[in-house]
Amino acid sequence: MAMTGTFPGMNGQSPMRLVIVDDHQMVLDGLKAMLRPYAAQVEVTGEASDPGEAVSLVARLAPDAVLLDVRLRGASGLDLCSDILAACPATKVVFLTVYDDEQYLYQALRVGDGEVLIDPSLAGRVALSAARLHSGEFWPGAHLGLTQRESEVLSLLVAGLSNRAIAAKLVVSEETVKTHSRGIYRKLGVSDRAAAVTVALREGVFH
């Protein structure tokens, strides 16, 4: 969500080099078609539909900007943004979403910095969202950067359920549970399940 300074492609400069990340090929094709008339300003240098390939692609191409879907199959675009910025700090990330939800926006603000451009329809709700987040009105662990699904997974980890049991309860695959667990570990600054449970209990995430 970092939008700092002047992009290439403006004021007669060379085109902005853009990578698009979305897990729907139809969306990728549609975005490229929409951008085609602006080839002098924007050059699509790469695309990725698999979140696992996106970071390595961005690291290799070092684009000026990444257009990133906020929700991806088996991964969070918010988490992927952090990975992209870690691999290529100079790259700007712009989120693409159809979800009119201030919580997505607030999580985006947590992973980015610099100047932020916000849809006016959401701007008026940002301050209220921030206050609610810190007062605990959202899901447990939201103040630590956990998504709602990560909070659900963490609560089941605390309850002692196995990955298989968690997958069955949430009706997802075990690999999806592992993906969420990795996101939880990264955000809590731990490396395994036991440590994540310890932090959750210490921080009073679940009362």
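Up top is the structure these notes are about.
Criteria and cut-off values
- In this convention, every chain numbers its residues from 1, walking through the sequence in written order.
- Reporting of local features is limited, given that this is a predicted model, to residues whose pLDDT is at least 70; pairs of side-chain atoms are given and counted only at 80 or more, and all residues count toward the totals for whole chains, interfaces and linings.
- Only hydrogens and water are set aside; all other atoms, that is, all heavy atoms of the structure, feed into the side-chain values.
- Each helix corresponds to a stretch of at least 4 residues labelled H or I by DSSP, and each strand to a stretch of at least 2 residues labelled E; elements are numbered beginning at the N terminus.
- When a residue's accessible area, from a 1.4 Å probe over protein chains only, is under 20% of the maximum for its type it is buried; when over 50% it is exposed; and in between it is partly exposed.
- For this analysis, residues touch if any pair of their heavy atoms sits within 4.5 Å.
- Per-residue and other accessible areas were derived by the Shrake-Rupley procedure at a 1.4 Å probe size, with only the shown protein chains allowed to occlude residues.
- For this analysis, a salt bridge means a side-chain nitrogen from Lys or Arg found within 4 Å of a carboxyl oxygen belonging to Asp or Glu.
- Pairing between two strands is assigned when DSSP locates at least 2 bridges connecting them.
- The angle between two axes is taken between their N-to-C directions and runs from 0 to 180 degrees, where each axis is a line fitted to C-alpha atoms and a helix contributes only its stretch in contact.
- By nonpolar core we mean a set of buried residues, namely Ala, Val, Leu, Ile, Met, Phe, Trp, Tyr and Cys, connected to one another through side-chain atoms within 4.5 Å.

Trainee: Please set out the overall build of the protein chain residue by residue, giving values where relevant.
Mentor: Broken down by element type, the protein chain carries 10 helices and 6 strands. Burial status across the protein chain gives 42% buried among its 207 residues. The long-range share in the protein chain, meaning contacts at least 24 apart out of those at least 6 apart in sequence, stands at 66%. Taken as a whole, the protein chain presents about 10,800 Å² of accessible surface, with 56% of it coming from carbon and sulfur.

Trainee: Let's hear about the pattern of salt bridges: which residues, and what values?
Mentor: The tally for this structure, following the rule as stated, stands at 6 salt bridges. Linking Lys-32 and Asp-29 is a salt bridge whose minimum nitrogen-to-oxygen distance equals 3.8 Å. Of this pair, Lys-32 and Asp-29 both sit in helix H1 (residues 25-35), 3 residues apart, which is roughly one turn of the helix. Of the residues examined, Lys-32 reaches a relative accessible area of 23% and is grouped as partly exposed.

Trainee: Break down the sheet that holds strand E3 (residues 65-69) for me, with residues and values.
Mentor: Taken in spatial order, the 4 strands line up as E2-E1-E3-E6 in an open sheet, and their pairing is parallel. Looking at which strands have only one partner, the edges of the open sheet turn out to be strand E2 (42-48) and strand E6 (92-96). Strand-to-strand twist across the sheet, computed as the mean angle between neighbouring axes with direction ignored, equals 25°. In this structure, E3 lies alongside E6, joined through 5 bridges in parallel fashion. Following the sheet pairing, Leu-67 is matched in E6 by Val-94. Packing of H1 onto the sheet brings it into contact with strand E1 (16-21), E2, E3 and E6, and relative to E2 it is tilted by some 170°.

Trainee: I'd like to hear about the nonpolar core, residue by residue, with values.
Mentor: Among the nonpolar cores identified, the biggest contains 19 residues, and Val-19, Val-21, Val-66, Leu-68, Leu-80 and Ile-84 are the most heavily contacted of them. Looking at this core, the elements that each hand over two or more residues are E1, helix H2 (51-61), E3, helix H3 (77-87) and E6. Of the residues forming this core, the biggest block, 5 residues, is contributed by H3. Excluding anything up to four places from it in sequence, Leu-80 contacts Val-21, Pro-51, Ala-54, Val-55, Leu-68 and Leu-72. Core analysis: the second largest hydrophobic core is formed by 18 residues, Ile-166, Val-177, Tyr-185 and Val-190 among them.

Trainee: Describe the environment of Leu-201, and please don't skip the residues or the numbers.
Mentor: Here Leu-201 is to be found in helix H10 (residues 193-202). Taking the C-alpha atoms as reference points, Leu-201 and Val-158, 43 residues apart in sequence, are found 8.1 Å from one another.

Trainee: So what about helix H7 (residues 148-158)? Which residues, and what values?
Mentor: By the burial criterion, the buried members of H7 are Glu-150, Ser-151, Val-153, Leu-154, Leu-156 and Leu-157. Residues of H7 that are buried make contact with H3, helix H8 (163-170), helix H9 (174-188) and H10. Of the residues trailing H7, Gly-160 is marked for its positive phi of about 90°.

Trainee: An account of the environment of Ala-90 is needed here, citing residue identities and associated values.
Mentor: With respect to the helices and strands, the residue Ala-90 is situated in the loop between H3 and E6. Residues Ala-90 and Pro-63 lie 27 residues apart in sequence; the distance between their C-alpha atoms is 8.7 Å.

Trainee: Please give an account of unusual backbone geometry that cites residues and values.
Mentor: The phi torsion at Ala-62 lies on the positive side, around 45°, for a residue other than glycine. Mapped onto the elements, Ala-62 comes out in the loop between H2 and E3. At Val-171, a residue that is not glycine, the phi angle is positive and equals roughly 55°. Among the secondary structure elements, Val-171 is positioned in the loop between H8 and H9. Under the relative-accessibility criterion, Val-171 is labelled exposed at 72%.

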